[in-house]
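# Coordinate analysis (summary)
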Amino acid sequence: MKIPFEPVWFGYEINIHLVLEYLAFFIGYRYYAFLRKRTADRIITINRLSIILGAAIGAFLGSRIMGFLENPVFVSDLKSLLDLFNVKTIMGGLFGGLLGVEIAKKIIGEKESSGDLFTFPIILGIFIGELDAFYPEQMNSHMEKLLLFSWE
């Protein structure tokens, strides 16, 4: 069995991690938009967009920096350098996003709490995005049972 598990649909290998990651972004954002429409937001739209931008930039940088610090390897060739930009961590993303939000709020002078509308969409997005972490283990366990059964 090949890890990560990539099923073949219509002759193409599908990267489950990528599909679930994009699905997490889409559903998380749609849930945020749903919550924002149903509640009275005390933050004006331009400030809310500035906070979202701060969170996105902070999460991007934080996830990459923490990923690098997790395994600090200094490379000299271009391919290894580009591979280094693919290293990321969820904890770095969350911490960097929080830091980005706080810096953005400081720059624009926003005093209101901004996380209330983001909490549940982020939890939902993380849940969907991390589902693939369990998928290969289930497949490995299933394959092990099949192999053990066939040898008995």
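For the structure, see preceding data.
About the criteria used
- Residues numbered from 1 in each chain as written.
- Predicted model: local features only at pLDDT ≥ 70, side-chain atom pairs only at ≥ 80, totals over all residues.
- Heavy atoms only, no water.
- Patch = residues over 30% accessible without salt bridge, like charges linked within 9 Å, V, L, I, M, F, W, Y side chains within 5 Å.
- Areas by Shrake-Rupley, 256 points an atom, 1.4 Å probe, with all protein chains shown as cover.
- Salt bridge = Lys/Arg side-chain N within 4 Å of Asp/Glu carboxyl O.
- Helix = DSSP H or I, 4+ residues; strand = E, 2+ residues; numbered from the N terminus.
- Buried < 20%, exposed > 50% of the residue type's maximum accessible area, 1.4 Å probe, protein only.
- Expected span 1.5 Å × (residues − 1).
- Contact = heavy atoms within 4.5 Å.

## Topic: a nonpolar patch on the surface
Judged by side-chain polarity, Leu-53, Ile-57, Phe-60, Leu-61, Ile-65, Met-66 and Leu-69 come together as a nonpolar surface patch covering roughly 680 Å² of accessible area. In this structure, Leu-61 sits in helix H2 (residues 45-70). With relative accessibility at 44%, the residue Leu-61 sits in the partly exposed group.

## Side note on H2
The end-to-end C-alpha separation of H2 is 37 Å, in line with the 38 Å expected for 26 residues at 1.5 Å each. Listed in full, the buried residues belonging to H2 are Asn-47, Arg-48, Ile-51, Gly-54, Gly-58, Gly-62, Ser-63 and Gly-67. Against the buried residues of H2 lie helix H1 (16-38) and helix H4 (90-108).

## Description of the pattern of salt bridges
Applying the stated rule across the entire model yields three salt bridges. Ionic pairing is found between Asp-41 and Arg-48, a salt bridge with its closest N-O pair at 2.7 Å. Residue classification places Asp-41 among the partly exposed residues on the basis of a relative accessible area of 25%. Residue Arg-42 is joined to Glu-112 by a salt bridge in which the shortest nitrogen-to-oxygen separation is 3.2 Å. Placement of the pair is Arg-42 in the loop between H1 and H2 and Glu-112 in the loop between H4 and helix H5 (119-129), with a sequence separation of 70 residues. Among the residues examined, Glu-112 registers a relative accessible area of 30% and is labelled partly exposed.

## What to know about the side chain of Ser-114
On the secondary structure map, Ser-114 appears in the loop between H4 and H5. By relative accessible area, which is 5% here, Ser-114 ends up buried. Setting aside anything within four residues of it in sequence, one finds Ser-114 in contact with Ile-43, Arg-48, Ile-51, Val-101 and Lys-105.

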